[in-house]
Every structure is written in structure tokens, then in C-alpha cells.
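Chain by chain, the residues:
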Amino acid sequence: MNICVCVKRVPAPGARINITDDGQAVDTAFLGFTVSPHEECAVEQAVQLVEKHGGEVTVLTLGPAEAEEQLRTALSVGATKAVLVPIAEGDWDPQRTADAIASVIGEIESASQPFDLVLFGNESADSCGYQVGIRAALKLGRPIVNGAKGLDVEGTTAIVRRESDAGQDIYKLPMPAAVGVKEGINLPRYPTMKGRLASKKVEVQRKESSANAGGLKMVTLQRPPERVSNTQILGTGPEAAAAVVDLLEELGVFK
Amino acid sequence: MSVLAVIEHDRGTITSASLGVLTAGRSLAKQMGTQLEAVTIGANADALSAVAAAHGATVTHQAHHAALVDFGPEAWGESLAQVIRATNPQVVIGTGTERGHEIIAQAAARLDLPAAMNCTEFDESFTGAGALRVVRTRWGGSLMEQAEVDAPIKLVTLANHVVEPSESPVAGSTTTHDVTLDASVLHSFVVDRVERVAGVTLATSPVVVSGGRGVGSAEAFAPLEELAGLLGGVVGCSRAVTNNGWRNHTDQVGQTGTRIAPDIYIACGISGAIQHWVGAMASKNILAINTDKEANIVTKAGYAVIGDLHKVVPAISAEIRRRRGQ
Ligand SMILES: Cc1cc2nc3c(=O)[nH]c(=O)nc-3n(C[C@H](O)[C@H](O)[C@H](O)COP(=O)(O)OP(=O)(O)OC[C@H]3O[C@@H](n4cnc5c(N)ncnc54)[C@H](O)[C@@H]3O)c2cc1C
Ligand SMILES: Nc1ncnc2c1ncn2[C@@H]1O[C@H](COP(=O)(O)O)[C@@H](O)[C@H]1O
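Definitions and cut-offs
- Residues numbered from 1 in each chain as written.
- Chains lettered and ligands numbered in written order.
- Predicted model: local features only at pLDDT ≥ 70, side-chain atom pairs only at ≥ 80, totals over all residues.
- Heavy atoms only, no water.
- Buried < 20%, exposed > 50% of the residue type's maximum accessible area, 1.4 Å probe, protein only.
- Helix = DSSP H or I, 4+ residues; strand = E, 2+ residues; numbered from the N terminus.
- Pairing = 2+ DSSP bridges.
- Near = heavy atom within 4 Å.
- Polar contact = N/O pair within 3.5 Å; in protein donor to acceptor, adjacent residues only side chain to side chain.
- Areas by Shrake-Rupley, 256 points an atom, 1.4 Å probe, with all protein chains shown as cover.
- Nonpolar A, V, L, I, M, F, W, Y, C, P; charged D, E, K, R; others polar.
- Axes fitted to C-alpha atoms, helices over the stretch in contact; angles between N-to-C directions.
- Contact = heavy atoms within 4.5 Å.
- Parallel < 35°, antiparallel > 145°, perpendicular 65-115°, else oblique.
- Left-handed = near helix turned anticlockwise from the far one by under 90°.
- Salt bridge = Lys/Arg side-chain N within 4 Å of Asp/Glu carboxyl O.

**Some remarks on the pairing of strand E10 (residues 177-181) of chain A**
All names here are of chain A. Counting buried residues in E10 gives 5 out of 5 residues, a clear majority hidden from the surface. Both faces of E10 are covered, namely the face carrying Ala177, Val179 and Val181 and the face carrying Ala178 and Gly180. The pairing of strand E6 (residues 117-121) with E10 spans 5 bridges and is classified as parallel. What sits directly across from Leu117, in E10, is Ala177. As paired strands, strand E7 (residues 144-154) and E10 are joined by 3 bridges and run parallel to one another. Looking at E10, one finds that Val145 is bridged to Val179.

**Considerations on the site of ligand 1**
Around ligand 1 there are 31 residues in total, and B:Arg213, B:Ser238, B:Ser271, B:Gln275 and B:Asn290 lie nearest to it. Chain contributions to the surroundings of ligand 1 come from chains A and B. In the environment of ligand 1, an oxygen atom lies 2.6 Å from a nitrogen or oxygen atom belonging to the side chain of B:Ser238. A distance of 2.6 Å is found between an oxygen atom of ligand 1 and a side-chain nitrogen or oxygen belonging to B:Ser271. For ligand 1, whose accessible area on its own is 990 Å², the fraction buried by protein is 82%. Of all the secondary-structure elements, those providing two or more residues to the shell around ligand 1 are helix H6 (239-243), helix H7 (274-280), strand E16 (285-290) and helix H9 (309-323) of chain B. Tallied by class, residues from the shell around ligand 1 come to 10 nonpolar, 17 polar and 4 charged.

**Examining the sheet that holds strand E6 (residues 91-96) of chain B**
The 10 strands lie next to each other as E12(A)-E9(B)-E8(B)-E7(B)-E10(B)-E6(B)-E1(B)-E4(B)-E5(B)-E11(B), forming an open sheet whose pairing is mixed. Each edge of the sheet is formed by a strand with only one pairing partner; in this case those strands are strand E12 (216-222) of chain A together with strand E11 (173-178) of chain B. Strand-to-strand twist in this sheet, taken as the mean axis angle between neighbours without regard to direction, amounts to 35°. Strand direction decides the pairing type here: E12(A) and strand E9 (residues 143-149) of chain B, joined by 6 bridges, are antiparallel. Within E9(B), the position partnered with A:Lys217 by the bridge is B:Glu148. Along the sheet, helix H1 (residues 16-32) of chain B contacts strand E1 (2-6), strand E4 (35-41), E6, strand E7 (115-122) and strand E10 (154-159) of chain B; its crossing angle with E6(B), the most-contacted strand, is approximately 155°.

**Some remarks on the packing of helix H3 (residues 73-87) of chain B against helix H4 (residues 98-111) of chain B**
Residues and elements named next belong to chain B. One can describe the packing of H3 onto H4 by two numbers: an axis separation of 8 Å at closest approach and a directional angle of 60°. Judged by the angle between their axes, H3 and H4 are oblique. For the element pair H3 and H4, the recorded crossing hand is right-handed. Each of Pro73, Glu74, Trp76, Gly77, Glu78, Leu80, Ala81, Ile84 and Arg85 in H3 lies in contact with H4, whose residues at this interface are Glu102, Ile103, Ile104, Gln106, Ala107, Arg110 and Leu111. Each residue belonging to the contact of H3 with H4 can be placed in one class, and the counts come to 9 nonpolar, 2 polar and 5 charged.

**Focus: the sheet that holds strand E11 (residues 205-206) of chain A**
Strand order in this open sheet of 10 strands is E11(A)-E5(A)-E4(A)-E1(A)-E6(A)-E10(A)-E7(A)-E8(A)-E9(A)-E12(B), and the pairing throughout is mixed. The open sheet has two edge strands with one neighbour each: E11 of chain A together with strand E12 (190-195) of chain B. Pairing geometry for strand E4 (residues 56-63) of chain A and strand E5 (residues 81-86) of chain A, over 6 bridges, is parallel. Bridge pairing links A:Leu60 to A:Val83 in E5(A). Each of E4, E5 and E11 of chain A is contacted by helix H2 (residues 68-76) of chain A, which is oriented at about 165° to E5(A), the strand it contacts most. Against the sheet, helix H3 (residues 94-111) of chain A touches strand E1 (2-6), E4, E5 and E6 of chain A, its axis set at about 145° to E4(A).

**Observations regarding the pairing of strand E8 (residues 132-138) of chain B**
The two faces of a sheet get side chains in turn, since along a regular strand they alternate between them. All names here are of chain B. Most of E8 is tucked away, with 6 of its 7 residues classed as buried. Pairing of E8 with E9, which is carried by 7 bridges, proceeds in the antiparallel orientation. Bridged to Thr137 within E9 is Met144.

**Some points on the pattern of salt bridges**
Considering all chains together, one arrives at 34 salt bridges over all chains under this definition. Across the salt bridge formed by A:Glu69 and A:Arg9, the nearest N and O atoms sit 2.9 Å from each other. Of the two residues, A:Glu69 sits in helix H2 while A:Arg9 sits in the loop between E1 and strand E2 (10-12), which places them 60 residues apart along the sequence. The partly exposed category is assigned to A:Glu69, whose relative accessible area is 40%. The salt bridge involving A:Arg189 is made with A:Glu44; its shortest N-O contact spans 2.9 Å. You can see A:Arg189 sitting in the loop between E10 and helix H5 (193-201) and its partner A:Glu44 sitting in helix H1 (residues 37-53), a full 145 residues away along the chain. The exposure class of A:Glu44 is buried, given its relative accessible area of 4%. Taken together, the shared-partner salt bridges connect A:Asp246, A:Glu249, B:Glu319, B:Arg322 and B:Arg323 into one network.

The structure is reproduced here in C-alpha cells:
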């Protein structure tokens with residue numbers, strides 16, 4: 001099994017998201033960075049599949065040079081190759097991102113061997129575009145299903161389990177295939193000390209890619225209207241129980 | 001020239017999100033001076049043209065193919081792409097759901113057109129010429145983006161629960177489109193289904209008692225289970241909890257978990273990070289139980305108790321029992 005997982009470096013905001021004065025970006029001055037939980041789970045799923053079936057996991061990101069940090073995190077939990085597609089400041093639109101990712105994956109495949117699976121997150125944490133994986137998979141001529149809450153491999157078939165309003169739906173994709181993974185598919189492991197050390201030894205490959213801008217243009221970011229609350233403190237400690245139950249009665253929740 | 005509403009359905013049953021899409025499409029068509037049309041995918045959805053007409057769609061395009069019996073993202077996306085090519089709409093609106101995003105993204109990829117997902121507003125002065133200005137959600141709704149969809153055909157999805165569905169009946173007609181689907185799109189279909197057991201779910205429960213890192217362990221959720229049980233509700237949790245393996249991800253509230261809108265959300269030992277808050281903010285009432293009176297959830301909630309959840313939660317349950325004479 002050869003698996004490629006695409007992850008995106010995003011800021012990790014805490015209580016609120018602040019925007020830069022020009023409205024063009026999230027103010028990351030005091031923020032750490034991470035990847036979407038969906039993508040963390042995609043990495044974990046790839047590592048588990050390789051542990052079961054053999055092979056190796058490559059992680060790929062399109063982003064600033066600093067995105068090497070997110071690649072190293074994936075390497076520390078079991079990926080063994082990492083590819084950075086460097087871009088200058090800012091964010092690429094979904095069409096452009098997908099074009100670049102697909103062409104780099106194509107390049108890697110023609111130099112070595114095809115990936116049996118290319119995994120994406122269901123949606124990125126920041127832009128939530130729900131499309132980069134689908135566009136890239138089409139360019140690579142692979143079937144793709146999003147929303148995977150289960151992913152197994154039997155022979156040359158990828159079996160995807162997914163939730164719908166009606167229940168759990170099963171899809172069977174002939175490999176090579178692509179899958180968009182959702183958090184909950186597994187419980188990602190934490191990096192071990194050994195893993196961290198091993199990740200430092202891997203050389204991150206850099207692959208330049210040029211792709212044309214697509215038709216979705218960000219004009220400005222804005223914060224949604226904030227809920228202003230005059231919090232009513234019902235009390236301190238267990239003595240507040242009576243006031244809480246009064247409230248539950250008032251709201252008609254407790255009859 | 002039209003606004004095309006994409007009807008999402010499951011084996012012929014329309015989803016509620018589709019009604020919002022028809023309603024939003026109708027107002028957009030009106031401001032553009034054009035008509036609302038709809039598209040259904042699969043012959044098992046033909047009857048939905050009546051619902052489309054009731055919501056103002058003058059024509060329903062019915063995509064037919066023997067393989068279109070169940071949902072398949074690629075077959076649906078390709079079918080939609082072919083209907084778009086045949087009818088040349090100015091705007092195409094899909095549902096802001098997992099399947100809705102997928103259908104629109106598939107069609108957009110096949111037509112090499114941009115797509116803007118989870119739109120909450122469309123420029124009210126848009127008449128059909130030039131780019132379409134939209135507001136869409138990022139970060140699962142914690143941040144908004146003004147964006148321009150610059151393409152001859154604008155593909156968008158409507159964020160869920162943004163538009164209240166309303167009817168506006170017209171005498172609608174139907175057109176059949178026999179689509180061509182080659183082998184490459186016939187792979188990804190639902191091939192089997194395990195039906196869900198009916199019952200209260202996290203998404204629909206009127207009461208949710210949720211625990212965060214402050215709960216401390218899987219076992220320590222027992223008092224939360226008890227309180228939820230007394231109130232006829234269910235237990236939820238934060239990502240810190242699922243990450244620690246204390247509870248299943250199906251209980252997680254937030255950006256990458258479940259969006260909830262209960263009558264009351266009781267958040268115990270949860271700090272209220274923005275990715276958690278976005279999943280809980282639609283709750284009608286929020287009660288935070290936290291040792292830290294400065295915690296984000298405390299400052300945002302309508303009600304709070306400052307204290308140790310391990311003492312406060314059992315005391316609430318005891319008080320409920322006392323009043324019930326148990
Ligand atoms: C892209 C992305 C998506 C995410 N999606 C989600 C999501 O869907 N859902 C989600 O929940 N998180 C999500 N997160 C994680 C989120 O940022 C927070 O890390 C997480 O919500 C924190 O969980 P918590 O509040 O339980 O823990 P903490 O932030 O550690 O808070 C613990 C709280 O418990 C209180 N406390 C401690 N002991 C007690 C006690 N004895 N009694 C009462 N109070 C006590 C503390 O004062 C504190 O406020 C996401 C993060 C990212 C980057
Ligand atoms: N810059 C990027 N680098 C690598 N993968 C990406 C990038 N942007 C998006 N992706 C992948 O595509 C998925 C969907 O992204 P999006 O369409 O932005 O919601 C993400 O979960 C990632 O797996």
C-alpha cells in the first residue's frame with residue numbers, strides 16, 4: 001500500500017479569531033499552527049492501513065515554508081516521506097490548490113509508482129471549501145468519496161463507510177482511489193519520543209508548482225455578529241443546585 | 001437563463017435543506033429578473049417536481065439514467081454537470097450539507113468552474129452580469145468571508161438553516177434529461193446501508209449535558225449521564241474528551257463534531273474554544289459549570305455556576321430527585 005495524505009497548515013485559534021487590519025487574513029501573531037482534525041485522522045488512517053498491509057505513507061502540503069512543521073508532525077506518527085509545495089504568503093484558491101496538488105502527485109507517481117490511495121480531509125479547517133480533494137481526484141482520474149467514517153482495504157478495493165441521515169452507507173471504490181476522511185474514523189495517536197527523533201531525519205522534498213488562479217476570490221474576512229451575554233451567575237458550588245433547578249423549571253426542561 | 005436549484009434527496013425523499021435552497025433560489029431569480037428552475041437526479045425523484053413547483057420552480061429538470069437509483073457523488077455530479085451544460089443557468093444553488101457540497105464540488109470540477117460553499121448571503125444588487133458577491137462561512141461558521149464568484153456560471157451551496165423555507169406555487173413543467181454516465185463515474189455508489197435505529201440523537205435532543213477536559217476521566221462522566229437521564233437528554237463532549245478516548249466521537253459537539261440546537265446546553269468543565277462554541281451557539285439557553293469564572297464559555301453563556309463540576313452536577317441531580325419526591 002502506497003498512500004499519500006494531503007494536509008493543510010492552519011492557525012489554531014483559541015477563544016476567538018482575530019482578523020488583521022486589512023481584513024485579508026487571520027491575525028496569527030499569538031497563535032500556534034495545526035492541521036484540521038479530519039486531516040490528522042487521515043494521516044492516522046493511512047498509517048494504520050500501512051501497518052496492516054505494508055507499504056508507506058507520504059504526506060504532502062501546499063503552503064509556506066513553515067508548513068514543514070505540520071509535515072514533521074505527520075512524520076512523527078508514522079508517515080515516512082514528506083513533500084512541501086511552497087507558496088508565498090497567503091492562500092491559494094481551491095482550483096489553483098487542487099491543480100498544483102494533482103500535478104505534484106502526478107509527478108511523484110511517474111517518478112516512482114502510483115499511490116493506491118490519496119487521502120484528504122473532508123474539508124480544510126480554515127477555508128472549509130469542501131472541494132480541493134474532489135477536484136484533485138478528478139484530475140488524477142481517481143474515484144473519490146468524501147465523509148469517510150470508516151476505510152478498509154480488501155484486495156484492490158477500498159471500502160468506505162459513511163454516515164447519512166438514514167444510517168451508515170457503504171461505498172466500494174476500485175483502487176487507485178481517493179477518499180475524504182472525517183474526524184471520528186479513528187483516534188489519532190500521539191507522537192512518541194522515538195517518532196519525533198525519526199521525523200527529524202527525514203528530508204522534506206520541495207516541489208515547485210505553478211497553477212493558474214481560479215474564479216473564487218476572497219474579498220475580505222469579517223467576524224460574525226458576536227453573542228453578547230450578560231451572564232447570570234446562579235451561584236457558587238453545590239449550593240447553586242436549587243437555583244439551577246428553578247431555572248430548568250422556568251425553561252420547561254424539568255417537569 | 002435561470003437560477004437552478006439542486007434538489008437533494010435520499011432514495012426519493014427530499015431533504016429539508018432543499019426547501020431552503022428552492023426558497024433562496026426563488027428570491028435570487030426574482031432580483032435577477034429570471035426564473036427559478038430545479039433539478040432532480042434519478043427517476044425515483046421525479047415526483048419531487050411537485051415540491052419544486054410549490055416553491056416556485058417553473059421547470060424541473062429530471063436527470064435519468066438506469067444507474068441513478070441511489071446516491072453516488074460522481075454520478076450525481078456528472079449528471080448535474082450535463083444538465084448545467086444543457087440549460088446554461090446563471091447561478092446553481094445546492095444544499096449546504098455533506099452531500100450537497102459534494103455534488104456541487106463534483107459538478108464544478110467537471111465543468112472547471114469555481115464554487116463557493118456555505119453561502120449565507122448573496123449580493124442583493126446582483127442582476128446576472130459580472131461576478132457574484134457572496135458571504136460564506138469559514139472555520140465552520142466562526143468566521144465569515146466576503147468572496148466573489150467570477151465565472152460565467154456561478155456554483156454555490158447555501159449554508160443550512162440560513163433561509164426559512166416558504167412556498168410560492170407556480171404551474172411547473174418537467175423536462176427529462178437522459179444523461180450519459182461512463183464507467184468511471186459508476187464506482188462510487190452507496191452499495192449497502194445499515195439503517196439507523198430511531199431515537200434521540202445528539203443533534204436533535206432538547207437537552208444536552210456536555211463534559212470537557214475538566215471531567216477528568218471516562219468514569220467521571222457517570223454523574224453527567226445521570227443528570228442527562230433525569231432531564232430526558234443526552235451526553236455530549238468536547239474534542240479534548242474524544243482525543244483522550246474518554247468518549248466516542250459521535251458525542252463531540254463543535255466544528256468537526258455535531259452542531260446542536262437544544263433548549264438547554266449544560267457545559268461542564270468546557271472552556272468554550274471557538275471550534276467548540278460554533279457547534280453549541282445555536283442552543284436556546286446555555287448553562288456553564290466551570291471553576292474558572294473567566295472561562296470563555298462562562299462569559300458567553302446566559303447562565304453559569306462557578307464551581308467544581310464533580311460537586312455541582314450530583315447536587316443538581318439530587319435536587320431534581322428531591323423535588324420529584326424520589
Ligand atoms: C480545526 C479545529 C477544529 C476543532 N473542532 C473541535 C470540535 O468540534 N469540538 C471541540 O470541542 N473542540 C474542537 N477543537 C478543539 C478546541 O480548540 C479545544 O481544544 C477544545 O474544545 C478544548 O476542550 P475543553 O474545553 O474540554 O478543554 P480545555 O480548553 O482544557 O478546558 C477545560 C475547562 O474545564 C474547566 N475545569 C477544569 N476542572 C474543572 C472542574 N473540576 N469543574 C469545573 N470546571 C473545570 C477549566 O476551567 C477549563 O475552562 C478544534 C480545534 C481545531 C484547531
Ligand atoms: N494547501 C493545501 N495543502 C494540502 N492539502 C490541502 C490544501 N488545501 C486543501 N487540502 C486538502 O483538501 C481537503 C479539502 O480542502 P478544502 O477544499 O479547502 O475544504 C483538505 O482537508 C486537505 O486534505
